[in-house]
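Structure assessment
What follows is the residue order along each chain.
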2 protein chains.
Amino acid sequence: MEKRMKRVALIVAAGQGKRFGGAVSKQFVEVHGRPLLWYTLAAFEQCPAIDSMIVILPAAEIAARAEEIAGWGLTKFSAAAAGGAERHDSVLNGLQALPEEAELVAIHDGARPLITPAIIAACVSAAAECGAAFAGVAPKDTIKEAEGGMVTATLDRRRLVLVQTPQVFRVDLIRHAYDMAFDRGAFSTDDAALVEALGHPVRIVPGDYRNIKVTSPEDLLFVQACLEI
Amino acid sequence: MEKRMKRVALIVAAGQGKRFGGAVSKQFVEVHGRPLLWYTLAAFEQCPAIDSMIVILPAAEIAARAEEIAGWGLTKFSAAAAGGAERHDSVLNGLQALPEEAELVAIHDGARPLITPAIIAACVSAAAECGAAFAGVAPKDTIKEAEGGMVTATLDRRRLVLVQTPQVFRVDLIRHAYDMAFDRGAFSTDDAALVEALGHPVRIVPGDYRNIKVTSPEDLLFVQACLEI
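Numbering of residues starts from 1 in each chain and follows the order in which that chain's sequence is written. Chains carry letters and ligands carry numbers; both start at the beginning, A for chains and 1 for ligands, and go up in the order they are written. The predicted nature of this model means local features are confined to residues of pLDDT at least 70 and side-chain atom pairs, given and counted, to a pLDDT of 80 or more, with totals for whole chains, interfaces and linings taken over all residues. Hydrogens and waters are ignored; side-chain quantities use all the structure's heavy atoms.

1. Quick word on the interface of chain B and chain A
Residue contacts are counted whenever heavy atoms from the two residues lie within 4.5 Å of one another. Listed as interface residues are 43 residues of chain B and, on the opposing side, 43 residues of chain A. Buried area counts how much accessible surface, traced with a 1.4 Å probe, disappears from two parts once they are put together, with both parts' losses summed. Counting the surface chain B buries against chain A, the share from its top three residues, Lys144, Arg159 and Glu218 of chain B, is 17%. Salt bridge, as used here: a side-chain nitrogen of Lys or Arg that lies within 4 Å of a carboxyl oxygen of Asp or Glu. One can count 12 salt bridges joining chain B with chain A. Residue Lys144 of chain A is joined to Asp190 of chain B by a salt bridge in which the shortest nitrogen-to-oxygen separation is 2.5 Å. What qualifies as a polar contact is a pair of N or O atoms within 3.5 Å, subject to a donor-acceptor requirement within protein and to the restriction that residues adjacent in sequence count only when both atoms come from side chains. Taken together, the links from chain B to chain A amount to 25 residue pairs in polar contact (both at pLDDT 80 or more). The way it works is that DSSP assigns letters per residue, a run of H or I at least four long becomes a helix, a run of E at least two long becomes a strand, and they are numbered from the N terminus. Looking at the side of chain B that touches chain A, the elements that each hand over two or more residues are β8 (143-147), β9 (150-154), β10 (160-170), α6 (191-196), β11 (203-206) and α7 (217-226) of chain B. If one sorts the elements of the side of chain B that touches chain A by residue count, α7 of chain B sits on top with six residues. In the side of chain B that touches chain A, the residues fall into 22 nonpolar, seven polar and 14 charged. For this classification, the nonpolar set comprises Ala, Val, Leu, Ile, Met, Phe, Trp, Tyr, Cys and Pro, the charged set comprises Asp, Glu, Lys and Arg, and every other residue, Gly included, is treated as polar.

Below, the structure written as structure tokens:
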């Protein structure tokens, strides 16, 4: 029986990790002997709500990296797609690489290795109902608005949410949202915002404070420490 | 010559650290053989812009803890004050314990041990000019408004700031702000908000992503990792 790939993870791992200053893209930096991206993919591999995974890789190293990932023995890794100049170019390439039968797509930052199968499943389930859902957490810090280095307002923290990934969408909905964004020339690093711009409801699923995006050396230390527990 | 104590740090270390679930208040949990609070106080000790430190401690253990801190050999540790039921009660006790000559007060969370002397000095300098200033960083994540688990708006991240401590104020200004808050019964966990409520300008000084408030076991791992570098 042919394996159906209705719920596809799109792992965005095309960043050059310039902030790290090293030669290795941050998603391939090793923690406890495994690349960060390995942990990310392992969480999706273990999630029953995900059928297959497409990994978006830096165009310049796609062949070598895809071979490397193929060697990790993950049964759900189905394809690699080439990253573009900006994040939205990369996601667009990934959306074009989806199999025809794909109904839901879970877009996730490759540099969020502490994501759990339970959160992924909850996002997929909410998106299956509502069309669009993402993982988010309440901010721990007070958040203010500022202008020119001066406070202009203190926001009501209880109404705010810090956005994480995965962000899961019905495939037709996110494709339409990207089409509209392309027409308006109004892309975003936040895919959900494009769906919101259509007036479509977006649901928030409880994320996890550990599910950080690794962008600095300290973040890597945090991940290292979390993976030791 | 008598030592003048014009710029006083008020270190709020009165929390019971319930989220840790342990018997030891979180600010006394040890990292690399030193209590978290030791690192916090060491940063203020090393900052030339600070003349003395008052530490606000849990009322039930104030005598023993104050003796412990006195044993750390910090030349600027001048007094302990008892914490109250809520954070604002603790700060109020601290404000009442300020020496008469105090002109500026730097209120800081004891559980932010990664603060640096440079950031403290920058906040003191800005508050000396403007009357009120705090350390803040730009959010790394997208921030949205939500209601009932659904997104209601995506905010412009470029205009937002995550609030850290220290928050530094002219003593007369923060005392007036607390008086007004007391009259209105409108306290906050964010002292700057009370000053904003007076219509007084508040300046933002660049903080540091490492300057987190330790509230969970993962945070402790992060601090541990940062202090190893």
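2. Focus on the relation of the copies chain B and chain A
The copies were overlaid by least squares, fitting only the C-alpha atoms of residues that reach a pLDDT of 70 or more in each copy. The transformation that overlays chain B on chain A combines an axial shift of 0.1 Å with a rotation of 180°, and the residual RMSD is 0.0 Å. Such values leave the two copies arranged in the relation of a two-fold axis. The C-alpha atom lying nearest the rotation axis in chain B is that of Phe222 of chain B; the distance is 2.4 Å. Mapped onto chain A, 100% of the interface residues of chain B are again interface residues, and the two copies thus contact each other with one and the same surface.

3. Considering the packing of aromatic side chains
Between rings of Phe, Tyr and Trp, where Trp is taken as its six-membered ring, a pair exists when centres lie within 6.5 Å; planes separated by under 30 degrees are stacked, by over 60 edge-to-face, and by other angles tilted. Counted according to the given criterion, the structure contains seven aromatic pairs over all chains. On the numbers, 5.2 Å between centres and 90° between planes, the contact of Trp38 of chain A with Tyr39 of chain A is edge-to-face. Grouped by ring-pair contacts, the aromatic residues Tyr178, Phe182 and Phe187 of chain A constitute a single cluster. If you follow Arg65 of chain A out to its NZ or CZ, it ends over the ring of Phe28 of chain A, 3.8 Å from the centre. A positively charged side chain is recorded as over a ring if its NZ (Lys) or CZ (Arg) lies within 6 Å of the ring centre. The angle to the ring normal must also be within 35 degrees. Its end group placed over the ring of Trp38 of chain B, Arg34 of chain B keeps NZ or CZ at 4.2 Å from the ring centre.

4. Structural notes on the state of the cysteines
All names here are of chain A. The disulfide criterion is simple: two cysteine sulfur atoms within 2.5 Å. Evaluation of the coordinates by the stated rule reveals zero disulfides over all chains. No disulfide involves Cys47; its nearest neighbouring cysteine sulfur is the one of Cys123, lying 9.4 Å away. Categorising residues by exposure relies on relative accessible area from a 1.4 Å probe, with only protein chains included: less than 20% of the type maximum marks a residue as buried, more than 50% marks it as exposed, and the intermediate range marks it as partly exposed. For Cys47, a relative accessible area of 0% corresponds to the buried category.

5. Quick word on the pairing of strand β4 (residues 52-57) of chain B
All names here are of chain B. Among the six residues of β4, six are classified as buried, and the element is accordingly described as predominantly covered. Across the two faces of β4 the burial is the same, with Ser52, Ile54 and Ile56 and Met53, Val55 and Leu57 all buried. Looking at chain direction, strand β1 (residues 7-12) and β4 are connected through five bridges and run parallel. Across the sheet, Val12 pairs through a bridge with Ile56, a residue of β4. Of the strand pairs in this sheet, β4 and strand β5 (residues 77-82) are connected by five bridges, and their pairing is parallel. Counterpart to Ile56 in the pairing with β5 is Ala81. Viewed with both strands pointing away, a crossover whose connecting path from the first strand over the helix to the second turns clockwise is right-handed. Regarding topology, helix α2 (residues 62-70) serves as the crossover connection from β4 to the parallel β5, and that connection is right-handed. A strand pair is defined by DSSP finding two or more bridges across the two strands.

6. As for the nonpolar core
Counting residues in hydrophobic clusters, the biggest one holds 91 residues, and the most contacted among them are Leu37 of chain A together with Leu37 of chain B. With near-sequence residues (within four places) excluded, Leu37 of chain B lies in contact with Ile11, Ala13, Gln27, Phe28, Val55, Leu57, Ile69, Trp72 and Gly110 of chain B. Definition of nonpolar core: a set of buried residues of the types Ala, Val, Leu, Ile, Met, Phe, Trp, Tyr and Cys, connected through side-chain atoms within 4.5 Å.

Keep in mind these values describe shape, not function.
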